[in-house]
Amino acid sequence: GAGVSQTPSNKVTEKGKYVELRCDPISGHTALYWYRQSLGQGPEFLIYFQGTGAADDSGLPNDRFFAVRPEGSVSTLKIQRTERGDSAVYLCASSRTGGDTEAFFGQGTRLTVV
Amino acid sequence: AQKVTQAQTEISVVEKEDVTLDCVYETRDTTYYLFWYKQPPSGELVFLIRRNSFDEQNEISGRYSWNFQKSTSSFNFTITASQVVDSAVYFCALREGAQKLVFGQGTRLTINP
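Residues numbered from 1 in each chain as written. Chains lettered and ligands numbered in written order. Predicted model: local features only at pLDDT ≥ 70, side-chain atom pairs only at ≥ 80, totals over all residues. Heavy atoms only, no water.

### Some remarks on the pairing of strand 6 (residues 46-52) of chain B
All names here are of chain B. Stated formally: Here, strands pair whenever DSSP counts at least two bridges between them. Counting from the N terminus, the helices are DSSP H or I runs at least four residues long and the strands are E runs at least two residues long.
Relative to strand 6, strand 5 (residues 33-39) runs antiparallel, the two sharing 6 bridges. Considered in strand 6, the bridge of phenylalanine 35 is made with arginine 50. Connecting strand 5 to the next strand, strand 6, in antiparallel fashion are 6 residues, including glycine 43 with a positive phi near 100 degrees.

Shown next as structure tokens:
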């Protein structure tokens, strides 16, 4: 597609449930990033993929968070046993190769845990 | 550790005024990249500029200009003759050798007609 696509745009879930957030990067982009943005804050890094592998997952807050990119294109961010503190906008970005190339962001998925 | 500080939480000006958004960064690396992004109400982060640490030339793009000063670790952004469409949250960000971006907390800019 023309840009980074994230689905769903909004997700409301009950505390304790499992959720999956999807990111479709720009075609041909090998680098993919997940960020989390809480209200009134700047985005915070979660994980970076180069191809199929997670090159840096140092931003994942705990083991309830996991992400995959099995074919080097679409990525899924998975959150187990959701907590109210997980409520935020989850942003995905992709870039052609990583490094000093520009990262293009999607519009995000707003996750609300009630 | 990397850190980006945008001390101005909110700025409100009248249309056609010039406005400067401040950004101060901390890094131990000699090679790094600085960015500005715009986040309109739709939520998508829109890339505005990337600067590497070896290029201190100021840049101008239409009504936008950026002033990079390594001596003060600052990368300020000026909008000349502001317009209502410039209203958004603006983020400054830093990247060292690793791939991740470290963002400031953002400055909410409101341009009033």
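### What about the nonpolar core?
One recurring pattern in soluble globular proteins: nonpolar side chains tend to sit buried together. Which entries qualify depends on this criterion: Nonpolar cores were defined as sets of buried Ala, Val, Leu, Ile, Met, Phe, Trp, Tyr and Cys residues, with membership established by side-chain atoms within 4.5 Å. Residue exposure (1.4 Å probe, protein chains only): buried if accessible area is under 20% of the type maximum, exposed if over 50%, otherwise partly exposed. Contacts between residues were defined by any pair of non-hydrogen atoms, one from each residue, lying within 4.5 Å.
Core analysis: the biggest nonpolar cluster contains 23 residues, and Leu21, Trp36, Phe75, Phe77, Tyr90 and Leu109 of chain B have the highest contact counts within it. Of all elements in the fold, only strand 2 (10-14), strand 3 (19-21), strand 5, strand 8 (64-69), strand 9 (74-79), strand 10 (88-95) and strand 12 (107-112) of chain B reach the threshold of two or more residues within this core. For this core, the element with the most residues is strand 10 of chain B, which contributes 4 residues. Excluding residues that lie within four positions of it along the chain, phenylalanine 75 of chain B makes contacts with Cys23, Leu34, Phe35, Trp36, Ile49, Arg51, Trp66, Asn67, Phe68 and Cys92 of chain B. In terms of nonpolar packing, the next biggest core, distinct from the first, is built from 20 residues, Leu21, Leu32, Ile47 and Leu77 of chain A among them.

### Focus on the pairing of strand 2 of chain B
The two faces of the sheet receive side chains in turn, since in a regular strand these alternate between them. Residues and elements named next belong to chain B. Here strand 2 shows a clear split, with Ile11 and Val13 buried on one side and none of Glu10, Ser12 and Val14 buried on the other. Examined bridge by bridge, strand 2 and strand 12 share 5 bridges and lie parallel to one another. When the bridges of strand 12 are listed, glutamate 10 appears paired with arginine 108.

### Some points on the sheet that holds strand 8 (residues 75-79) of chain A
Sheet strands associate in pairs through backbone hydrogen bonding, adopting either a parallel or an antiparallel arrangement. All names here are of chain A. Let me state the cut-off plainly: Here, axes are lines fitted to C-alpha atoms. For helices the fit covers the stretch in contact, and angles between N-to-C directions go from 0 to 180 degrees.
Here we have 4 strands laid out as an open sheet, ordered 1-3-8-7, and antiparallel in their pairing. Two strands in the sheet have a free side with no partner beyond their single neighbour: strand 1 (5-7) and strand 7 (65-68). Strand-to-strand twist in this sheet, taken as the mean axis angle between neighbours without regard to direction, amounts to 15 degrees.

### Observations concerning the state of the cysteines
Residue and element names in this part refer to chain B. We apply this condition: In this description, a disulfide is simply a cysteine sulfur pair whose atoms lie within 2.5 Å.
Overall, the coordinates contain 2 disulfides over all chains when judged by the stated rule. Linked covalently through their sulfurs, cysteine 23 and cysteine 92 form a disulfide whose S-S length is 2.0 Å. What sets the handedness of the cysteine 23 and cysteine 92 disulfide is the S-S torsion sign, and at about -65 degrees it is left-handed. One end of the pair, cysteine 23, is in the loop between strand 3 and strand 4 (24-26); the other, cysteine 92, is in strand 10, with 69 residues separating them in the sequence. No difference in accessibility class separates cysteine 23 from cysteine 92, as the two residues are buried.

### A word on the interface of chain B and chain A
As a reminder of what qualifies: Take the accessible area each of two parts loses on contact, using a 1.4 Å probe, and add the two losses: that sum is the buried area. Take a side-chain nitrogen of Lys or Arg and a carboxyl oxygen of Asp or Glu: if they are within 4 Å of each other, that pair is a salt bridge. Here a polar contact is recorded for every N or O atom pair within 3.5 Å, except that within protein the pair must consist of a potential hydrogen donor and a potential acceptor, and residues adjacent in sequence are included only if both atoms are side-chain atoms.
At the interface, 17 residues of chain B touch 21 residues of chain A. Summed over both sides, the interface of chain B with chain A buries roughly 1700 Å², with 49% coming from carbon and sulfur. Of all residues in chain B, the largest losses of buried area upon contact with chain A belong to Leu45, Gln99 and Lys100 of chain B, amounting jointly to 30% of the total for that side. Taken together, chain B and chain A are joined by 0 salt bridges. Connecting chain B to chain A are 4 residue pairs in polar contact (both at pLDDT 80 or more). For the side of chain B that touches chain A, the elements supplying multiple residues, two or more each, are strand 5, strand 6 and strand 10 of chain B. Here the side of chain B that touches chain A takes 3 residues from strand 5 of chain B, the largest share from any one element.

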